[in-house]
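Chain by chain, the residues:
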Amino acid sequence: MDASTINELIAGSVGGAAQVIVGQPLDTIKTRAQTAPAGMFKGPMDILTQTLRKEGFFALYKGMASPLVGIAGVNSLLFAAYGVSKRIISPFPQLSLKEIAGAGAIAGAVNAVLASPVEMFKVRMQGQYGSPSDKRLHTVVSEMWRDWGFRKGIMRGYWVTVAREIPAYAGFYTAFEFSKRKFSEKYGKQIPVWALLASGSTGGIAYWLACYPLDVVKSRVQLRATPPEGTPVQYIARELKLVVAESGVSGLFRGLTPSLLRSIPAAASTFAAFELTREYLKEITGV
């Protein structure tokens, strides 16, 4: 493994930690909007109000342990895979936006290997509403392993995660690079930190717009008591139909508002932390 990839792994870990800390409260609201029983909440603000009233402020950080522990690996893998994918697609440092999209799609597919179990445990923690029977993360992990094993338990929802991550990260990196290049035209190669934050926010918004219905399916599949049946295409199609039957087409976008609101600070902090850490490491290591 070369020094450049190691730098990207380290920078990705720092970026991932920043993303979790900044974005977890709105992520909890998003997940509950997607998975709560019909009629339990009136909307995102009602979710926030009820969660604070019944469970307290720190309930918004419920499930944070899983992504905080795993996000270092997830983001390290993501950014490293993206860096390697760019070098595979083109030997030249300045890729076209189409090539950026291709590299992002590859990185997303690779990233799903770790993102799927990390998000599955996060979703199952967020789907608990403060009752005495709520379980701790280690209990959820051990029960999933004991009852369903690795493929149907720990990796539940893997293929829908792959299906989500491919368009999501194609959009994520394309929007980020497009915005950053536009800022570079005005400010030069070293763009201001605020422009980096704005570019990261643009990437985060593009991420959710590119994949949101699949994220709804993923959350529902991963929270359900039993694993999905049939091939990935069959269970994804079946779940999409079920959501539409229950809530109409709007059900496929339930929780989108908090996701978009979350994406602005979360993606901005991720990219800023990654880019600043990578530049710092580059100065130290020279690569």
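Everything that follows concerns the structure shown earlier in this document.
Here's what I pulled together on the structure shown here. All values derive from a computational prediction rather than experimental measurement. (Residues numbered from 1 in each chain as written. Predicted model: local features only at pLDDT ≥ 70, side-chain atom pairs only at ≥ 80, totals over all residues. Heavy atoms only, no water.)

1. As for the side chain of serine 116
By the element assignment, serine 116 lies in helix H4 (residues 97-126). Residue contacts for serine 116: discarding those within four places in its chain leaves Met155, Arg156, Gly157, Tyr158, Thr161 and Gln222. (Helix = DSSP H or I, 4+ residues; strand = E, 2+ residues; numbered from the N terminus. Contact = heavy atoms within 4.5 Å.)

2. Structural notes on the nonpolar core
Judged by nonpolar contacts, the single largest core of 30 residues is most densely connected at Tyr82, Tyr169, Phe172, Tyr173, Tyr207, Trp208 and Phe271. Within the residue set of this core, elements represented by two or more residues are helix H3 (65-89), H4, helix H6 (158-187), helix H7 (193-223) and helix H9 (256-285). Residues contacting phenylalanine 172, with those up to four places away along its chain left out, are Gly203, Gly204, Ala206, Tyr207, Ala267 and Phe271. (Core = buried A, V, L, I, M, F, W, Y, C linked by side-chain atoms within 4.5 Å. Buried < 20%, exposed > 50% of the residue type's maximum accessible area, 1.4 Å probe, protein only.)

3. A few points about H3
Its 25 residues give H3 an end-to-end C-alpha distance of 35 Å, which sits within 8% of 36 Å, the value for a rise of 1.5 Å per residue. Where H3 bends most, the angle comes to about 45 degrees, and this point is isoleucine 71. (Expected span 1.5 Å × (residues − 1). Bend = angle between axes of the 7 residues up to and from the residue.)

4. Remarks on the packing of helix H1 (residues 3-35) against H7
Following both chains from N to C, one finds H1 and H7 inclined at 70 degrees, their axes separated by 9 Å at the closest point. Overall, the two elements H1 and H7 adopt an arrangement that is roughly perpendicular. Handedness of the H1/H7 crossing: right-handed. Two secondary-structure elements touch here, H1 through Lys30, Gln34 and Thr35 and H7 through Trp208, Tyr212, Asp215, Val216, Ser219, Arg220 and Leu223. (Axes fitted to C-alpha atoms, helices over the stretch in contact; angles between N-to-C directions. Parallel < 35°, antiparallel > 145°, perpendicular 65-115°, else oblique. Left-handed = near helix turned anticlockwise from the far one by under 90°.)

5. Digging into the layout of surface pockets
In this model, the largest pocket occupies a volume close to 1200 Å³. Forming the walls of the largest pocket are 35 residues, and the residues nearest its centre are Lys180, Lys189, Glu275, Arg278 and Glu279. Elements with a contribution of two residues or more to the lining of the largest pocket: H1, H3, H6, H7 and H9. Looking at which element gives the most residues to the lining of the largest pocket, the answer is H9, with seven residues. A per-class count over the lining of the largest pocket returns 17 nonpolar, seven polar and 11 charged. In this structure, the second largest pocket spans a volume of roughly 390 Å³. Residue lining of the second largest pocket: 21 residues in total, with Ala33, Gln34, Ala36, Pro37 and Arg254 positioned closest to the centre. (1 Å grid on protein atoms, 1.4 Å probe; cavity = no way out; pocket = protein on both sides within 12 Å on 5 of 7 lines; lining within 4 Å. Points joined across faces, edges and corners; volume = space filled by probe spheres on them. Nonpolar A, V, L, I, M, F, W, Y, C, P; charged D, E, K, R; others polar.)

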